[in-house]
Every structure is written in C-alpha cells, then in structure tokens.
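Working through the structure, step by step
Here's the letter readout for the chains.
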Amino acid sequence: VFWESESRITQAKVDAKKEGIVTFNSYYFPGWYANVDGQKSEIISGKPYGQIEMEISSGEHDVEFYWKETPMRKFADTVSLASLIFATSVFLRRKN
C-alpha cells in the first residue's frame, strides 16, 4: 500500500490478494466519499470506533478518500457568515 495525502484527499495504491476491507483511520461523518479506480464507492462506518471503511475486490486498485462540504453544511456556513456580518454591523453602529 502506498499512501499520498493532501488536506482533503488521501490516495493509495492497493494490491489486494483477496477481497477485503480498506480502513482509513479517520472518523466517518457526512461529507466523506471514496473512489476505487475512478468510480464512486460506498463507504461505511467501521466497528467499533467509527473509522471509514470500504470493501475492495482482489487485485490492484487506486483508492481515493476525500472530503467535501455537504449542501447542509454549506448552507450553515452561509448563515453563520451572514450572522457574523450582521452582528458586527450592529455592534459598530451602537459604538458610534
């Protein structure tokens, strides 16, 4: 197994002798995705710690785990930013 990691993407080359499970030692939560050989793959929350896991067939594979914002998280980020701007403007107006 060869691992290469950037901030939101972790890639690996896997040579599996038989079918098995690949474990990515990060906790699963919405926003994590995986690709095997360029195709989306289902990930599961591993037992007992909730680590990211996925099933893989035998053979050589390019595996990629990546994280991206979910639509709900993007909405919540926008609401938070708007609230911060509003609160700052109210604070600055009261100060003057």
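Presented here is an overview of the structure given in this document. (Residues numbered from 1 in each chain as written. Predicted model: local features only at pLDDT ≥ 70, side-chain atom pairs only at ≥ 80, totals over all residues. Heavy atoms only, no water.)

The next subject is the overall build of the protein. When helices and strands are counted, the protein shows 1 helix and 8 strands. Against the 2.2 N^0.38 benchmark of 12 Å for 96 residues, the protein shows a C-alpha radius of gyration of 20 Å, more extended than a compact globule. Overall, the protein is about 70 × 25 × 20 Å in size when its C-alpha atoms are taken along their principal axes. Considering the protein as a whole, with its 96 residues, one finds that 26% of them fall into the buried category. Sequence-distant contacts in the protein: of pairs separated by 6 or more residues, those separated by 24 or more amount to 62%. Accessible surface, the protein: about 7500 Å² in total, of which carbon and sulfur atoms supply 57%. (Helix = DSSP H or I, 4+ residues; strand = E, 2+ residues; numbered from the N terminus. Rg over C-alpha atoms; globule rule 2.2 N^0.38 Å. Buried < 20%, exposed > 50% of the residue type's maximum accessible area, 1.4 Å probe, protein only. Contact = heavy atoms within 4.5 Å. Areas by Shrake-Rupley, 256 points an atom, 1.4 Å probe, with all protein chains shown as cover.)

Where burial is concerned, most of strand β7 (residues 51-56) is hidden: 5 out of the 6 residues are buried. When strand β3 (residues 20-27) meets β7, the two strands line up antiparallel, connected through 6 bridges. Paired with Ile 21 across the two strands is Glu 55, which belongs to β7. Across 2 bridges, the pairing between strand β6 (residues 44-45) and β7 is antiparallel. In the strand pairing of β7, Ser 45 is matched with Ile 52. Two successive antiparallel strands, β6 and β7, enclose a turn made up of 5 residues, where Gly 50 displays a positive phi of approximately 80 degrees. (Pairing = 2+ DSSP bridges.)

Turning our eyes to something else, we now look at the sheet that holds β6. Hydrogen bonds between backbone atoms are what pair the strands of a sheet, whose relative direction is either parallel or antiparallel. Read across the open sheet, the 3 strands follow the order β3-β7-β6; overall the sheet is antiparallel. Edge positions in the sheet fall to β3 and β6, since each has one partner strand and no second.

With that out of the way, let us pick up the pattern of salt bridges. Counting across every chain of the model gives 2 salt bridges. With a closest N to O distance of 2.9 Å, Asp 62 and Lys 13 form a salt bridge. One end of the pair, Asp 62, is in strand β8 (residues 59-67); the other, Lys 13, is in strand β2 (residues 9-16), and 49 residues separate them in sequence. Where Lys 17 meets Asp 15, a salt bridge forms, and the shortest distance between an N and an O atom there is 3.7 Å. Using a relative accessible area of 73% as the deciding quantity, one classes Lys 17 as exposed. (Salt bridge = Lys/Arg side-chain N within 4 Å of Asp/Glu carboxyl O.)

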